[in-house]
Amino acid sequence: MVRHQYIFLAGSAHMDILAAVSDRGDVVDKIGTIRYEIGGTAFNIAANLKALGVGATLMSALSESPISRMILAELLEHGIRTHVLIDATLPEAGFSGHIVNGELTSAVSSMPVEKTTFDSDFVQRGMVAASAVIADCNLAPATLQTLANVAAQQKTPMFVAAV
């Protein structure tokens, strides 16, 4: 099998919403800043690989929401090939972090990719001739096993990125 010069990544791509304040106080409604950006372990790795000139394909799962469309557009803007399961029943892909005085104090995560089990046919179609596989730990355990099985069958090295 001829290997192509790309890495197959599997995991989360989501909207990061980061709210920062400089004083805790005892006020519920605080004045601060809010930053929106596309993130997720697999997305971040793919974007960095592309910045280094390495091809990347990202396997993930998203809903049909406007935010999911924004995430897909950002992937394409970075030149990341997509292998994404779209399912209207999945939750929104997001991470909301609350930062006080520069420290993350709490967060809420919603990762559709952890609610999705990708079958071996879907994984094989995305992974064909990849140089390596990187999986993040936001994936469902069954999907991690499927990735490992397909990578072994294709004799493709696989790495797991802890979240």
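As the structure is a computational prediction, the values presented were derived from the model and not from experiment.

Scoring rules and cut-offs
For every chain, the first residue of the written sequence is number 1, and numbering continues from 1 onward in sequence order. In view of the model being predicted, local features appear only for residues whose pLDDT reaches at least 70, and side-chain atom pairs are presented and counted only at 80 or more, with totals across whole chains, interfaces and linings using the full set of residues. Side-chain numbers here rest on the full set of heavy atoms in the structure, without hydrogens or water. A helix here means a DSSP run of H or I that spans at least four residues, while a strand means a run of E at least two residues long, and both kinds are numbered starting from the N terminus. A 1.4 Å probe rolled over the protein chains alone gives each residue an accessible area, and that area as a share of the maximum for its type sets the label: buried under 20%, exposed over 50%, partly exposed in between. Residue contacts are counted whenever heavy atoms from the two residues lie within 4.5 Å of one another. Shrake-Rupley sampling with a 1.4 Å probe provides the accessible areas, and residues are treated as covered by the protein chains on show and by no other component. His is not counted, nor are the chain ends; Lys and Arg add positive charge and Asp and Glu add negative charge. Just so you know, the charge point we use is NZ for Lys, CZ for Arg, CG for Asp and CD for Glu. Each patch is built from residues lacking any salt bridge and having more than 30% relative accessible area; the joining distance is 9 Å for like charges and 5 Å for nonpolar side chains (Val, Leu, Ile, Met, Phe, Trp, Tyr). Note on definitions: salt bridges are taken to be side-chain nitrogens of Lys or Arg within 4 Å of carboxyl oxygens of Asp or Glu. Here the rule is simple: two strands pair whenever DSSP picks up at least two bridges between them. Simply put, an axis is a line fit to the C-alpha atoms, just over the touching stretch for a helix, and the angle between two N-to-C directions goes from 0 to 180 degrees.

J.: Quick question: what am I supposed to make of the overall build of the chain here?
T.: Scanning the chain from terminus to terminus reveals four helices and nine strands. Tracing the chain from N to C terminus, the helices and strands come up as β-β-β-α-β-α-β-β-β-α-β-α-β. The principal-axis extents of the C-alpha atoms in the chain amount to approximately 60 × 35 × 25 Å. Counting the 163 residues in the chain, one finds 44% classified as buried. Intrachain contacts of the chain at a sequence separation of at least 6 include 71% that bridge at least 24 residues. Summed over its atoms, the accessible surface of the chain is roughly 8,600 Å², and 56% of this surface lies on carbon and sulfur atoms. With 10 positive and 15 negative side-chain charges, the chain shows a spacing of 9 Å between the two charge centroids.

J.: Mind showing me how you'd approach a nonpolar patch on the surface here?
T.: Judged by side-chain polarity, Ile17, Ile34 and Tyr36 come together as a nonpolar surface patch covering roughly 310 Å² of accessible area. By secondary structure assignment, the location of Ile34 is in strand E3 (residues 33-39). Since its relative accessible area comes to 54%, Ile34 is described here as exposed.

J.: Where do I start with the sheet that holds strand E7 (residues 103-110) in this structure?
T.: Pairing between the strands of a sheet is mediated by backbone hydrogen bonds and can be parallel or antiparallel. The four strands lie next to each other as E3-E2-E6-E7, forming an open sheet whose pairing is mixed. Each edge of the sheet is formed by a strand with only one pairing partner; in this case those strands are E3 and E7. When strand polarity is set aside, the average angle formed by the axes of neighbouring strands in this sheet is 15°. Here strand E6 (residues 94-100) runs beside E7; their pairing, made up of seven bridges, is antiparallel. For Ser96, the partnering residue across the bridge sits in E7 and is Val108. Here helix H2 (residues 66-77) sits on the sheet and contacts strand E2 (14-21) and E3; the angle it forms with E2, its principal contact strand, is near 100°.

J.: What should I look at first to understand the sheet that holds strand E8 (residues 132-136) in this one?
T.: A sheet is described by the order of its strands in space; here five strands give the open sequence E5-E4-E1-E8-E9, paired in parallel fashion. Among the strands making up the open sheet, the edge pair consists of strand E5 (81-86) and strand E9 (158-161). When the angles between neighbouring strand axes are averaged without regard to direction, this sheet yields 20°. As paired strands, E8 and E9 are joined by four bridges and run parallel to one another. Counterpart to Asp136 in the pairing with E9 is Ala161.

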